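# Overview (structure and organization)
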Amino acid sequence: RRDHGRATADAAVRDVALVCGVVPLAWRDFESALTLGFGDYEDAVHAVAAHKAQAEYLVTRNLRDFRASPVRAILPADV
């Protein structure tokens, strides 16, 4: 959104959700996110969702925030 505007970002999120699907999370998944030791809870939830989905990679522009992730984080350029 920062780089290309809200409309473009919203369309990209819709496209990704259609192609990749959405991982259903239960309360225990949100509790698990608390135990990962992330500085940002939302990032921890993303890591738990990636793990639950058995993802090979978690794509992010901020690798530093995902050092504790159970799923290897990579940059978008590395996809």
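Now for a look at the structure at hand. Within each chain, residues carry numbers counting from 1 in the order of the written sequence. In keeping with the model being predicted, local features are shown solely for residues with a pLDDT of at least 70 and side-chain atom pairs are shown and tallied solely at 80 or more, while totals for entire chains, interfaces and linings include all residues. As a rule here, side-chain values come from all non-hydrogen atoms in the structure, and water together with hydrogens is ignored.

Peptide bonds are trans in most cases, and residues, glycine excluded, mostly fall at negative phi. The phi angle at Q54 is positive, at roughly 60 degrees, despite the residue not being glycine. Inspection of the secondary structure puts Q54 in the loop between α3 (41-52) and β1 (57-59). Numbering goes from the N terminus for both helices and strands, where a helix is a DSSP run of H or I of at least four residues and a strand is a run of E of at least two.

Take the buried Ala, Val, Leu, Ile, Met, Phe, Trp, Tyr and Cys residues and link them wherever side-chain atoms come within 4.5 Å; each set so joined is a nonpolar core. The rule is simple: take the accessible area with a 1.4 Å probe, protein chains only, and divide by the maximum for that residue type; under 20% is buried, over 50% is exposed, in between is partly exposed. Ranked by size, the top nonpolar core spans eleven residues in total: A33, F38, A44, V45, A47, V48, A50, L58, F66, V71 and A73. The dominant element in this core, judged by the number of residues it contributes, is α3, at five residues. Residues count as neighbours in contact if any of their non-hydrogen atoms are within 4.5 Å of one another. Among residues more than four places away in sequence, those in contact with A44 are A33, L36 and F38.

Before going further, it helps to examine the pattern of salt bridges. Here, a salt bridge means any side-chain nitrogen of Lys or Arg that lies within 4 Å of a carboxyl oxygen of Asp or Glu. Counted according to the given criterion, the structure contains three salt bridges. With a closest N to O distance of 2.9 Å, R61 and D3 form a salt bridge. With R61 in the loop between β1 and β2 (72-74) and D3 in the segment before α1 (6-20), this pair connects stretches of sequence that are 58 residues apart. You can call R61 exposed: its relative accessible area is 55%. A salt bridge links D10 to R6, with the nearest nitrogen and oxygen atoms 3.7 Å apart. Of this pair, D10 and R6 are both found in helix α1, four residues apart, which corresponds to roughly one turn of the helix.

Fair warning: the whole summary comes from geometry, so function is off the table for now.
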